[in-house]
Amino acid sequence: MHRLPAPYLNGQGMGTLREFPFGLRKVDNNGCGPISVYNAMVHLGKQPDLPKILRFMELTAAPVFGLFGTFPYSMGYCLRKFGIKNRMTFSRKKLANAKSAVVAFWTKRPIFGGAHFVFFSRDEQNRFVVYNRYGNVSTEVTYDSINGFVKPWCLIVGYVIE
């Protein structure tokens, strides 16, 4: 049995979190999608079960046995499965105005640079508090604008939490 840090999950490549299986690989390689669902559930006061989230998503949202992580356009379905109402958007403006959301974006160059999912919420100063921003950072990272973590040309899709 793995012991998870509480309450939000950060640093998917660190500690016991990295050892959870997801598809044919481990969470440290491609588990950012399920971690985003987990963190959204924590934010909403739900009781997330990471193994259950991982299993559901590897069977329904992770093509090619999870080798490439979570399919970005299946995240809305996965969030709803775990009781999270959401709206899909391709608008940076809607994401910039959201109180919380799950966002998929290219980490470097579109398509060839890899992609990543994060969950963000807003703090008292209206800054973006981003969870699991980096695989090797065990805390959330705060930004003043959405441009701090999603470059204009890198947005794939966002899911505004309702």
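No experiment lies behind these values; they were computed from the predicted model shown.

1. Regarding the nonpolar core
Here's step 1: Val37, Met57, Met75, Leu79 and Val102 are the most contacted members of the largest nonpolar core, which has 35 residues in total.
Here's step 2: Looking at this core, the elements with two or more residues in it are helix 2 (32–43), helix 3 (50–60), helix 4 (75–81), strand 4 (100–106), strand 5 (115–122), strand 6 (128–131) and strand 8 (155–161).
Here's step 3: Top contributing element to this core by residue count: helix 2, with 7 residues.
Here's step 4: Leucine 79 has contacts with Val37, Ala40, Ile84, Asn86, Val102, Tyr159 and Ile161, leaving out every residue within four places of it along the chain.
Here's step 5: Ala98, Ala101, Phe105 and Val141 belong to the second largest nonpolar core, which has 16 residues in total.

2. As for a nonpolar patch on the surface
Here's step 1: Together, Leu24, Val64, Phe65, Leu67 and Phe68 make up a nonpolar patch on the protein surface, roughly 570 Å² of accessible area in all.
Here's step 2: Note on placement: phenylalanine 68 falls in the loop between helix 3 and helix 4.

3. Focus: the packing of aromatic side chains
Here's step 1: Inspection of every chain in the model, using the stated rule, returns 10 aromatic pairs.
Here's step 2: Between phenylalanine 56 and tyrosine 77, the ring centres sit 5.8 Å apart and the planes meet at 35°, which makes this aromatic pair tilted. A residue pair is termed long-range when its members are at least 10 positions apart, and phenylalanine 56 in helix 3 and tyrosine 77 in helix 4 qualify at 21 residues.
Here's step 3: We classify phenylalanine 56 as buried; its relative accessible area is 16%.
Here's step 4: The class of tyrosine 77 is partly exposed, set by a relative accessible area of 46%.
Here's step 5: Aromatic pair phenylalanine 120 and phenylalanine 128: ring centres 5.1 Å apart, planes at 65°, arrangement edge-to-face. Just as phenylalanine 120 is buried, phenylalanine 128 falls in that class too.
Here's step 6: Grouping aromatic residues by their ring pairs yields a cluster made of Phe120, Phe128, Tyr143 and Phe149.
Here's step 7: A cation over an aromatic ring shows up here: arginine 122 above the ring of phenylalanine 128, its NZ or CZ 3.8 Å from the ring centre.

4. Observations concerning the sheet that holds strand 7 (residues 141–143)
Here's step 1: Ordered by their spatial adjacency, 6 strands build an open sheet running 3-8-4-5-6-7, and the pairing between neighbours is antiparallel. Either end of the sheet is taken by a strand with one partner, and the two such strands are strand 3 (86–89) and strand 7. On average, adjacent strands in this sheet sit at an angle of 25° to one another, irrespective of strand direction.
Here's step 2: Summarising the sheet, strand 3 and strand 8 pair through 4 bridges and their orientation is antiparallel. Within strand 8, the residue paired with threonine 89 across the bridge is glycine 158.

5. Quick look at the side chain of arginine 92
Here's step 1: Looking at the secondary structure, you find arginine 92 in helix 5 (residues 92–97).
Here's step 2: One buried charged side chain, arginine 92, makes no salt bridge at all; its nearest oppositely charged neighbour is aspartate 144, positioned 14 Å away.
Here's step 3: Contact partners of arginine 92, with chain neighbours within four places excluded, come to Ile146, Asn147, Val150, Lys151, Pro152 and Leu155.

6. Examining the pairing of strand 5
Here's step 1: Across the 8 residues of strand 5, 7 count as buried, placing the element largely inside the fold.
Here's step 2: Note that strand 4 and strand 5 share 7 bridges and pair antiparallel. Bridge pairing in strand 5 links serine 100 to serine 121.
Here's step 3: Relative to strand 6, strand 5 runs antiparallel, the two sharing 4 bridges. Residue pairing for strand 6: phenylalanine 120 is matched across the bridge by valine 130.
Here's step 4: Between strand 5 and strand 6, which pair antiparallel one after the other, the connecting turn spans 5 residues, and asparagine 126 there sits at a positive phi close to 70°.

Cut-offs applied
Note on numbering: residues in each chain are counted from 1, in written sequence order. In keeping with the model being predicted, local features are shown solely for residues with a pLDDT of at least 70 and side-chain atom pairs are shown and tallied solely at 80 or more, while totals for entire chains, interfaces and linings include all residues. In computing side-chain values, all of the structure's heavy atoms are included and hydrogens and water are not. Remark: nonpolar core denotes a set of buried residues (Ala, Val, Leu, Ile, Met, Phe, Trp, Tyr, Cys) joined through side-chain atoms within 4.5 Å. Only protein chains enter the calculation, and the probe is 1.4 Å; a residue is then buried if its accessible area is under 20% of its type maximum, exposed if over 50%, and partly exposed in between. Under the DSSP-based scheme used, a helix requires at least four consecutive residues in state H or I and a strand at least two consecutive residues in state E, with every element numbered from the N terminus. In what follows, residue pairs with any heavy atoms lying within 4.5 Å of each other are defined as contacts. Two distance rules govern patches: like charges are joined within 9 Å, and nonpolar side chains (Val, Leu, Ile, Met, Phe, Trp, Tyr) within 5 Å, applied only to residues with over 30% relative accessible area and no salt bridge. We get accessible surface area from the Shrake-Rupley algorithm with a probe of 1.4 Å; when it comes to residues, only the shown protein chains can shield them. Throughout this description, the term salt bridge denotes a Lys or Arg side-chain nitrogen within 4 Å of a carboxyl oxygen of Asp or Glu. Any Phe, Tyr or Trp ring, taking Trp's six-membered ring, that has another such ring centre within 6.5 Å forms a pair; planes under 30 degrees apart are called stacked, those over 60 apart edge-to-face, and the others tilted. Here, a charge over a ring means that NZ of Lys or CZ of Arg falls within 6 Å of the ring centre while also lying within 35 degrees of the ring normal. DSSP calls a pair of strands paired once it identifies at least 2 bridges connecting them. As a rule, the C-alpha atoms of each element are fitted with a line to give its axis, helices using only the stretch in contact, and angles between N-to-C directions run from 0 to 180 degrees. Two residue types count as positive, namely Lys and Arg, and two as negative, namely Asp and Glu; His and chain ends fall outside the count.

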